[in-house]
Amino acid sequence: MSTNTSNNTQNVFQEIISHCKEYGFIFPSSEIYDGLSAIYDYGPYGIELKNNIQQYWWKAMVQLHENIVGIDAAIFMHPNTWKASGHVDAFNDPLIDNKDSKKRYRADVLIEEAIQKQEAKIDKEVDKAQKKFGDTFDKEMFLKTNPNVLRVKEKIGGIEARFKKALEENNLEELKQIIVDLEIVCPISGTRNWTEVRQFNLMFSTEVGSVAEDASVIYLRPETAQGIFVNFLNVLNTSRQRIPFGIAQVGKAFRNEIVARQFIFRTREFEQMEMQFFVRPGEEMKWYEYWKEARMKWHRSLGFGANKLKWHDHLKPAHYANAAVDIEFEFPFGFKEMEGIHSRTDYDLTQHQNLSGKKLQYFDHELDKSYVPYVIETSVGLNRTFLALICNGYKIEKLEDGSERTVLALPPFLAPVQIAIFPLIKKDGLPEKSREIMDVLKWDFKCFYEEKDTIGKRYRRMDALGTPYCITIDHQTLQDNTVTIRERDSMKQERISIEKLKEVVNEKIDWRAGLR
Ligand code: ATP
């Protein structure tokens, strides 16, 4: 990426952050005290969008699957949960400090970014060749034969092999050595003056009990999944489910991230939408493939173009997984993880069974035997999905008359406001008529009423909020019960009768289309 482009994308990202604040989507937490690093609050439109994403996920995962049920587990859990799950011993990130800038980084992320830079070199070669050869260009052949590409590929292969081995062996000296060998510099100080790599546990802890002696350390959950595992038997005994079946949950998780940045992409408090799918041992890879496809389809249904999403296989799956893949979205700062799909084996249930002494098994009538089920997990960040939707939808368009408008092209079914209702002027009974219409529509749609400013200004404000439809009530409405409906993306206006409004808008904001 050239500096110019990266400056531009950086600027666009800054604009998006400002837009979120200006239009009431996201505010820095406790801003009157100058904010709290990497913690954010959701404003009036942000909460609507976040709720809509969450409900859409719930519909897709729970409502549309008779074999998936939901729960809502508490954030605090018995401390043994985190011993059993491995988080006390193994939920670490390798950190490294630059001695000159005093900035702290994740060693693995520095290396991954260095690999991405090498991959960008290949993309550049491809672009160059594409321009040179035009229609006759054979990309696959080029990737297999071009000496420059082969050289970079070999280099990447070498780094990845060392990196994978170092992670597997938990070899912190080797991680540091890779950073030294790759001549990675601190983006702030520009120097290579690094400390040793150290492990850092990501769990926040606190104490229960009012008297110090009684106090015992408990953790804020770093993932929602464990609330599902410890409730496995309760759900099995009450939901009449048979394997294969899933348990879904949306909730807060907390991680003391070493480097929390890029706005709401990585924060220390965030929300996950997770589903654990329990299957027969030996059938996990079939279901892993199934959920990979189903989840990719869900992301596509949010209007992300095919080139905006990609798979990323894990070099080293987490301690509990035997296969893991991420769905990545192209944020303005590059392709980054939005969802993880993991084959978690029987690791968690077995661990909880061992530590609690309770049998966490399923009796399979068809096979006439009991076993600890295997698990496929789909885990998507609610906040990251929110950010992806905003980044994907944010546009500044040049209009025919030379003016500009800012549009947030959100999928209509997720928009914080679905219908804006405007009386053309503030008199002649138009506000009363508008309120009458609003009173009918508000039972089915999130509506917004506005009578101030010119119609043009009101349209612009709704474009910036992502409102898919604006309805204007004018003098003709009083005569023939028709209104003008204006569509956000095309800006086309149509005159329709009030009775038809509900049907027309309903059809246009149908959430089902992308999931069928
Ligand atoms: P990363 O590699 O970015 O740290 P992860 O692989 O640790 O993420 P998982 O444990 O697989 O993430 O969590 C599932 C999902 O939860 C992620 O795909 C992401 O969308 C979300 N998530 C994880 N950590 C954060 C965070 N600190 N802030 C916001 N969302 C997060």
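Just above sits the structure.
Keep in mind that what you see is a predicted model, and the values were worked out from it rather than measured. (Residues numbered from 1 in each chain as written. Predicted model: local features only at pLDDT ≥ 70, side-chain atom pairs only at ≥ 80, totals over all residues. Heavy atoms only, no water.)

**Focus on the overall build of the chain**
Convention followed: The helix count covers DSSP runs of H or I at least four residues long, the strand count covers runs of E at least two residues long, and both are numbered beginning at the N terminus. To get the radius of gyration, use the C-alpha atoms; to get the globule rule, take the number of residues to the power 0.38 and multiply by 2.2 Å. Remark: exposure states derive from per-residue accessible area (1.4 Å probe, protein chains only) relative to the maximum for the residue type, with buried under 20%, exposed over 50%, and partly exposed in between. When checking whether two residues touch, look at their non-hydrogen atoms; a contact exists if any pair is within 4.5 Å. Residue exposure ignores everything except the shown protein chains as possible cover, and the areas themselves are Shrake-Rupley values with a 1.4 Å probe.
Scanning the chain from terminus to terminus reveals 17 helices and 23 strands. Computed over the C-alpha atoms, the radius of gyration of the chain is 26 Å, within 12% of the 24 Å expected from 2.2 N^0.38 for a compact globule of 516 residues. Projected onto the principal axes, the alpha-carbon positions of the chain cover approximately 75 × 65 × 55 Å. Of all 516 residues assigned to the chain, the portion counted as buried reaches 48%. A separation of at least 24 residues holds for 66% of the contacts in the chain among residues at least 6 apart in sequence. Of the accessible surface of the chain, which amounts to about 26000 Å², a share of 48% is contributed by carbon and sulfur atoms.

**Section: the pattern of salt bridges**
The following threshold applies: Salt bridges are defined as contacts in which a side-chain nitrogen from Lys or Arg sits within 4 Å of a carboxyl oxygen from Asp or Glu.
A full pass over the atoms with the stated rule returns 38 salt bridges. Linking Glu 48 and Lys 446 is a salt bridge whose minimum nitrogen-to-oxygen distance equals 3.7 Å. Separated by 398 residues along the polypeptide, Glu 48 in helix H2 (residues 44-63) and Lys 446 in the loop between helix H14 (430-441) and strand E20 (447-449) bring together distant segments of the chain. Residue Glu 48 is classed as partly exposed on the basis of its relative accessible area of 23%. With relative accessibility at 37%, the residue Lys 446 sits in the partly exposed group. For Arg 460, the salt bridge is made with Asp 463, and the minimal N-O distance between the two is 3.7 Å. Residue Arg 460 and its partner Asp 463 are located together in helix H15 (residues 455-465), separated by three residues, close to a single helical turn. A relative accessible area of 0% places Asp 463 in the buried class. Ionic contacts of the salt-bridge type, sharing partners, join the residues Arg 280, Glu 283, Lys 286, Asp 364 and Glu 366 into one network.

**Some thoughts on the site of the ligand**
Applied cut-off: One heavy atom within 4 Å of a molecule or strand is enough for the residue carrying it to be called near that molecule or strand. In the analysis that follows, any N or O atom pair within 3.5 Å is treated as a polar contact, provided that within protein one partner can donate a hydrogen and the other can accept it, and provided that, for residues neighboring in sequence, both atoms belong to side chains. Amino acids are sorted into nonpolar (Ala, Val, Leu, Ile, Met, Phe, Trp, Tyr, Cys and Pro), charged (Asp, Glu, Lys and Arg) and polar (every other residue, Gly among them).
Close contacts around the ligand come from 16 residues, with Glu 257, Arg 266, Thr 267, Glu 337 and Met 338 the closest. Between the ligand and Arg 106, the relevant distance is 3.4 Å, taken from an oxygen atom to a side-chain nitrogen or oxygen of the residue. The set of elements that each furnish at least two residues to the shell around the ligand consists of strand E10 (269-279), strand E13 (334-345) and strand E16 (374-381). For the shell around the ligand, the leading source of residues is E13, giving five residues. For the shell around the ligand, the residue count by class is three nonpolar, six polar and seven charged.

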